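Residue-level structure breakdown
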Amino acid sequence: MALTALCLLMLFSSVLQYGVMEVRQKAVVILKPNWTKLFRGDTVSLRCHLPGEPSADWEYIWYKNEEELNPYKVWSESNEYKNVGPVEESDGGEYACLGMRKVDSVFSEISDAVILTVSERPKAVILQRPDWPQIFSGETVTFRCDIPGELPSEWRYRWRKDGQKVKPDSAGETNIYRITVADQSHSGKYTCTGLRKSDYKFSLASESVTLTVSERPQAVPILTPKDMEIFSGESVSLRCLIQDGEAVGDWKYSWYKRGYVGYSQISDEQEYGISPATEADSGDYTCRGTRKSDAQHSETSEAIRLTVSGLPKVSISMKPESPIYIGETVTLECVTASRTDWSYTWFKGSPQTEALPSDRESKGGNTLTISGASEQDQDEYWCQGERWNSTTASLMSDPVYLSVSDLPTGSLTAEPPNPVFTGETVTLTCVLESHSDWSYKWYKGSSQNPVSQSDRYHREANTLTIWGVVESDQDHYWCQGEKDTRPTSSHMSTYVYLSVTALPTATLTVQPASPVFSGEIVTFTCAIQYLRDWTYRWYRRNSSDAVSQSERYGRAGNTLTIRGVADLDQDQYWCQGERDTRPTVSQISENVTLNVHEFKPKPRLTSNQSDHIYTGSSLTLTCEMDPSTGTGWTFFWYRDSQNSEPMFQSDVNSYTINFVKVSDEAPYFCCAGRGSPVYYTHYSNATWIQVTERPKAFITLLSNWTRIFSGETISLQCDIHSTTDTDWDYVWYKNGYLNNPVSREKEYRVTLVYGHRGDEYTCIGRRKRELTYSEMSDPHSVSVFERPLALLSVPARTWVREGDSVTLSCEVKSPAAGWRFHWYRADSAARQTLVYSNGGSFTISPVLLQHAGLYTCRAERGDPPYYTKYSKLQPLWVTGLSPPASLVIRPNRTQHFIYKSLSLSCEMQDYPVGWRLRWFTDRGELTECPAAWRSVVGSTCSIVHPHESESGVYWCQSETGLRSNPVNVTFHDADVILESPVHPVMVGDPLTLRCRYRKTPTNTEADIYKDGSPILPTITGEVTIPEVTQSHEGRYRCRHSDSGDSPESWVTVRAKDTRPQKHLALWLVLGLCIGLAVVVVFALLYRYRGLFIHGRLFGRGWQSTHGGSSEEQNRPVDRQGEKSGKVPWQFAGASSGPSDVVFTEIELKEMRRKWYKVKAEPAGGRLPKTHSQEVSILI
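Procedures and definitions
- Residues numbered from 1 in each chain as written.
- Predicted model: local features only at pLDDT ≥ 70, side-chain atom pairs only at ≥ 80, totals over all residues.
- Heavy atoms only, no water.
- Helix = DSSP H or I, 4+ residues; strand = E, 2+ residues; numbered from the N terminus.
- Buried < 20%, exposed > 50% of the residue type's maximum accessible area, 1.4 Å probe, protein only.
- Contact = heavy atoms within 4.5 Å.
- Areas by Shrake-Rupley, 256 points an atom, 1.4 Å probe, with all protein chains shown as cover.
- Pairing = 2+ DSSP bridges.
- Axes fitted to C-alpha atoms, helices over the stretch in contact; angles between N-to-C directions.
- Patch = residues over 30% accessible without salt bridge, like charges linked within 9 Å, V, L, I, M, F, W, Y side chains within 5 Å.
- Salt bridge = Lys/Arg side-chain N within 4 Å of Asp/Glu carboxyl O.
- Phe/Tyr/Trp six-rings, centres within 6.5 Å; stacked < 30°, edge-to-face > 60°.
- Lys NZ or Arg CZ within 6 Å of the ring centre and 35° of its normal.
- Core = buried A, V, L, I, M, F, W, Y, C linked by side-chain atoms within 4.5 Å.
- Disulfide = S-S within 2.5 Å.

Moving on, we get to the overall build of the protein chain. Of the regular secondary structure elements, the protein chain holds four helices and 105 strands. Looking at the protein chain as a whole, 41% of its 1179 residues qualify as buried. Contacts spanning at least 24 positions in sequence make up 63% of the contacts within the protein chain whose residues lie at least 6 apart. Taken as a whole, the protein chain presents about 64000 Å² of accessible surface, with 51% of it coming from carbon and sulfur.

Given below as structure tokens:
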């Protein structure tokens, strides 16, 4: 429609201009290249041509799908070629153009539309026929190339094999490529590409198709079972396989067997089975395959020969030949002529029973071995063969009879019978009743080797003689016969045990033991433990004859007694036994030497204690005899006198008194005696025993207090009455556990833990010179109490004015003494500063604004120091006359409703940076701006929804410790609050109090109370005092009939500064001093300007440290970090002195932050020696 309207417009314009119609030129669209069918990515150029007209005289307009193309100028400046591309499918459509003559704006006729189509570049598709994966040589293969959606006649085709061009028979005009006779050289990957005849555009190359050409496969026959003899009745399988062929299902198979006139087909299955086979099935077999798809044949297989034989028969051989003797090993062998692998089954007896393997019968291959043949093995035996992995069995063998006979057994005797005594001769005889020509072997003990001929062992015929039997000949003995012919050996004979016993030995003893003393009676005893009926002979070394009976030598049975022994009896003695039957004599005893001394011995009496011993000790007296006096003595003990009867006698040489008493003090003696009648020694020396009462240990508590707390260390000292410390060691015990000492020192230090109530400690002393103990001390009981809590007391009024005097008190609720007190101020939640150490009270006078804060205390005593718990934090709030900063509250009141937003900020006079808002709650928390508040910006805190828990005392504090006046800000869940001034009101200034409601009531009448008493009622709930006086200070609240009472607020009234002008003189003097100091400082700066440039001259102001239990004080710090002797307001060195001290302090306002030292004298006297007289002034 738009194109038609445009034509009418141009026609009308031409008529108006020329008045007559002239013939108009018709525009022509020219394409380059002249293709209308485009593929994506092609480029085409369009030109608008007016035949016979100069192109410069015209302008051109282009249309696509009857709509003018935009932008206009792009298509109308000239008729030059316009490039379109790379084209997309959206560029397809009808394109037309017309010209407009520049001189008269006459339009040409619009051109005919040129239709451009844009499509995806097609991809060729290649097809193979036949499409078998494997082609045999000589077969025909055809490839076809298709362009999807295109006519084959519109294209030419290009073919490639393995990337190289191939020329088809039809020169590429058709889409068919045919290989008439294929061979292996045609194998490869084939692709094709189309070339459109109209515009010579190529399609995309096809995917490759792989052609595999191989030689015609060979058929292969397989015989199962393979490489084995085939016997009648077995099953045989012939299978035909095609080498390098397709799947088994792609082929048909044919089997052929050679006959008299050639091969004849016998089966058309791949597998040809013969079951059961007979000898007639023997022959040559071949096979061939035919492919089902094209009836192509494989090569015929080579012939395979099948041989079927009759069943074989087996036979048995036996080694050695029958008869077999018991114990021999016999082997039966089953023999067959077949070369095939066989397994064999053995049968025994009638009826035939399979012979199974056992401990004596083992089968291996074609043999049955019977080890150690016995009579039960005597029987008939058969065997039969079975093929491996087959059920085919051979014919049964003929039977073989196995005859088994027993071996002869010898009998063994010994003479003389047991027991045999050393030195005698023994004869062993071996007898075999059956057979003859035996030789004999002899065996002893567990040895498997025969006994050899030797000097003492003699073998002759069937006897073995042992001459001079010794104990090593005692053992078991056997014999066995041997011969050259079967049976080659007899059974082993039963054993004979030869028991060899040594001749009995005589044992000689003497009483008393040597040495003996002249006059004693000596008795020799000869004992033989084995056998009876012994008589005895006695011998001396100096005579070969037996000792005869005499007046002094008496023989009776097995004893020889010498009465009144003398020096001539000193000699060596031995004895021997005799009897009538075997054995006739004993061995001679070992000799015994008799030593005779002429003089009577004297013992020596000793004590294991010193002369002085304590009662309760153990005393042991020892009666010592010279070792050369022999043994067998009995000891006799005497007290006070040698002529008294012995108080005790014992076989040991010691006498013990376990618990010595004072009554045991006396002289003691001893002597020894032996024999019957008793032969006595001389009396010993006298030993005097002195007994003293045992001393008692006692415990002393070295601390000055008896009430002990958990964690405290105490010292206990152990002493012994009436002794010196150098004589004793000490042992400490706890709660009566004597086997677990806790210390071995004189002084015992112990740290106690709460809960150990009633622990008892005892000690005991032990003398260093001997193992003597004192009496145990009385127990010292220790009760441990919980660590105490220091109690800090403050004045009833915790809000004081600057200039007042305040006394803080600290105490420990315990009767224990010895406490020293330390005072701290909490600078933050994690830091405390020690401000004073001494007595139980601490006075600040006058109070300054910087003294405001939270105070705590604790007590300390002992060495090492023991501390109580910190007291609870107690606030001390100070309102100053001219604080360096002010806390501004918006809305400006101290009472606020909960969930009503407010902000608190710090306004400073001279120091605008480094300030932070601090607060302290009733719960004892000290922190900066509350964590729950929404925003913190610089020194301002804001909150949208405050809660009652945000109530507390707020103030501003700088990094250097300067403070504003504190303000008690409270949040209430009430209907009415009192609006009162935030800061103190000066005397003479007006004071306005106002009731503020959460919701404004209809009746605004309310009463305002002061200190519990009402002021005049108000109609609007507001009252104004024009000029306040000191009497107006107090607690105020508001009461409304419906809304109830508001919380109370404290109103502080301050007197105006009326200090006398005498302070001007002080300020003048200070000003002159400061000016002089400035001059000195500048001179120093110039002198040390190098250090100043590097920043090492001046310090960094106040620095405070505190951590853990440290009691470091705040001091000014110079650049090197050394502490000076001045603390900003605490009292340095005040750890000693009176417990109640009042200090004054000069406060200088900050100007420039530089430190100067000046001499200062406080009013009223000198500073204590522990205080510095230099004051550091910050200017």
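Next up on the list: the sheet that holds strand β27 (residues 315-319). One open sheet accounts for four strands, arranged β27-β29-β33-β32; its pairing is antiparallel. The sheet is open, and its two borders are formed by β27 and β32 (361-364), each paired with just one other strand. For this sheet, the mean angle separating the axes of adjacent strands, direction not counted, is 20°. Pairing of β27 with strand β29 (residues 330-335), which is carried by five bridges, proceeds in the antiparallel orientation. Its bridge partner being in β29, Ile-316 is matched across the sheet by Cys-334.

Before going further, it helps to examine a nonpolar patch on the surface. Together, Leu-1076, Val-1080 and Leu-1084 line one region of the surface with nonpolar side chains, adding up to about 270 Å² of accessible area. Relative to the helices and strands, Val-1080 resides in helix α3 (residues 1062-1087). The class of Val-1080 is partly exposed, set by a relative accessible area of 43%.

The omega torsion of the bond from Arg-129 to Pro-130 falls at -10°, within 30 degrees of zero and hence cis. For the peptide bond that leads from Glu-415 to Pro-416, omega is 0°, which places it in the cis range. Although it is not a glycine, Asp-162 adopts a positive phi angle of roughly 50°. Turning to its location among the elements, Asp-162 is positioned in the loop between β12 (155-161) and β13 (164-166). Residue class for Asp-162 comes out partly exposed when judged on its relative accessible area of 46%. Its identity is not glycine, yet Asp-640 carries a phi of approximately 75°, on the positive side. Following the sequence through the fold, Asp-640 ends up in the loop between β59 (634-639) and β60 (648-650).

With that settled, the discussion passes to the pattern of salt bridges. Under the criterion given, the structure shown has 41 salt bridges. Glu-234 is paired through a salt bridge with Arg-387; the nearest N and O atoms lie 2.6 Å apart. With Glu-234 in the loop between β19 (230-231) and β20 (236-242) and Arg-387 in strand β34 (residues 379-387), this residue pair connects regions lying 153 residues apart in the sequence. One salt bridge in this structure joins Arg-996 and Glu-979, with 2.7 Å as the shortest N-O distance. You can see Arg-996 sitting in strand β93 (residues 991-997) and its partner Glu-979 sitting in strand β91 (residues 976-979), a full 17 residues away along the chain. Overall, the relative accessible area of 32% leaves Arg-996 in the partly exposed class. Each of Glu-979, Arg-994, Arg-996 and Glu-1022 takes part in one network of salt bridges that share partners.

Let us now look at the packing of aromatic side chains. Applying the stated criterion to the full structure yields 25 aromatic pairs. Arranged with centres 6.0 Å apart and planes meeting at 40°, the rings of Trp-799 and Trp-877 form a pair that is tilted. Placement of Trp-799 in strand β74 (residues 799-801) and of Trp-877 in strand β81 (residues 874-879) is noted, with a sequence separation of 78 residues between them. Taken together, the aromatic side chains of Phe-143, Trp-159, Tyr-177 and Tyr-190 make up a single cluster linked through ring pairs. The ring of Trp-633 carries Arg-674 above its face, with NZ or CZ at 4.1 Å from the centroid. Over the face of the ring belonging to Trp-819 we find Arg-861, whose NZ or CZ atom lies 4.4 Å from the ring centre.

This part takes up the nonpolar core. By size, the foremost hydrophobic cluster in this structure holds 23 residues, and its most contacted members are Leu-808, Trp-819, Phe-821, Trp-823, Phe-842 and Leu-876. Those elements that place two or more of their residues in this core are β73 (790-793), β75 (806-812), β76 (820-828), β77 (831-838), β78 (841-844), β79 (853-861) and β81. Take this core: its biggest share by element is four residues, from β75.

A few words now on the side chain of Ser-980. By the secondary structure assignment, Ser-980 is in the loop between β91 and β92 (985-986). Aside from chain neighbours lying at most four places away, what touches Ser-980 is Asn-892, Arg-893, Thr-894, Leu-993, Ser-1049 and Val-1051.

A word on the state of the cysteines. In total, this model carries 11 disulfides according to the counting rule given. Across the disulfide, Cys-48 is cross-linked to Cys-97 (sulfur-sulfur distance 2.0 Å). Across the S-S bond linking Cys-48 and Cys-97, the dihedral sits near 85°, which makes this disulfide right-handed. On the criterion of sequence distance, the pair formed by Cys-48 in strand β3 (residues 44-49) and Cys-97 in strand β7 (residues 93-101) is long-range, its members being 49 residues apart. On the basis of relative accessible area, Cys-48 is assigned to the buried category, the value being 0%. Relative accessible area serves as the criterion here: at 0%, Cys-97 is assigned to the buried category. Residue pairing for Cys-623: its cysteine sulfur links by disulfide to Cys-670, the two sulfurs lying 2.1 Å apart. Between Cys-623 and Cys-670, the S-S torsion sits near 80°, and that sign places the bridge as right-handed. Residue Cys-623 is found in strand β58 (residues 619-624), and its partner Cys-670 is found in strand β62 (residues 666-674); the two are separated by 47 residues along the sequence. According to the relative accessible area criterion, Cys-623 is buried, its value standing at 0%. Exposure remark for Cys-670: the relative accessible area of 0% places this residue in the buried category.

What follows covers the side chain of Thr-772. Its location among the elements puts Thr-772 in the loop between β70 (759-767) and β71 (780-782). The exposure class of Thr-772 is buried, given its relative accessible area of 3%. In contact with Thr-772, other than residues within four places in its own chain, are Gln-609, Tyr-614, Ser-617, Arg-694, Trp-728, Gly-765, Arg-766 and Arg-767.

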